[in-house]
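So you can see what is in the structure, the chains are spelled out below.
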Amino acid sequence: MGTRTELSDLIRAMARRDWGTADRLILELDKLGWQGGPQVIGAAFAIAVNRRFESVSDARAITRFVAETRSQYEGGSQLSALETEGLIRAALGEVELADTIKPDTALTIQITIIGALLQDANFTDPQLEEFIAEVEQAAARFM
């Protein structure tokens, strides 16, 4: 199984709230070195964030979402609220807000936020496959 398959399967597992599979895939991706991972996760993050917040002009909505997400996830309090909000706002166009965030930190934040956004989206199987295809196409442009 190639890294791209694990990445797509990770997105599927998060959307289906299958945390056991998601954890196993993250461990597998750690072993494989996350080849292509930042591009795929970054694309999934940007697409999911833009779908969720495209019509939101109030930064307080992002702050509330981040606070709720941090409180709902095990280890969520370890995520920096400012960095998390910055990554979301960077995906919405304020790219300079992500300039000082370390790549490993960004990846952890993105995975957590993708999980929350996918749960909120509550995709049907065809919608999820459409989302994954869009993510793979976007990521391919940066690989």
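Heads up: the structure comes first, above all this text.
Residues numbered from 1 in each chain as written. Predicted model: local features only at pLDDT ≥ 70, side-chain atom pairs only at ≥ 80, totals over all residues. Heavy atoms only, no water.

Counting residues in each nonpolar core, the largest one holds 41 residues, and the members touching the most others are Ile11, Ile88 and Phe131. For this core, the secondary structure elements donating two or more residues are helix 1 (3-15), helix 2 (19-32), helix 3 (37-53), helix 4 (59-72), helix 5 (81-91), helix 6 (103-121) and helix 7 (125-140). Sequence-distant contacts of Ile11, that is, excluding residues within four places in its chain, are made with Val40, Ala44, Leu118, Leu128, Phe131, Ile132 and Val135. (Core = buried A, V, L, I, M, F, W, Y, C linked by side-chain atoms within 4.5 Å. Buried < 20%, exposed > 50% of the residue type's maximum accessible area, 1.4 Å probe, protein only. Helix = DSSP H or I, 4+ residues; strand = E, 2+ residues; numbered from the N terminus. Contact = heavy atoms within 4.5 Å.)

As enumerated under the stated definition, the model contains five salt bridges in all. Note that Glu134 and Arg51 form a salt bridge whose closest N and O atoms lie 2.5 Å from each other. Of this pair, Glu134 sits in helix 7 while Arg51 sits in helix 3, placing them 83 residues apart in sequence. Exposure remark for Glu134: the relative accessible area of 32% places this residue in the partly exposed category. By relative accessible area, which is 36% here, Arg51 ends up partly exposed. One salt-bridge network, held together by shared partners, links Asp9, Arg12 and Glu129. (Salt bridge = Lys/Arg side-chain N within 4 Å of Asp/Glu carboxyl O.)

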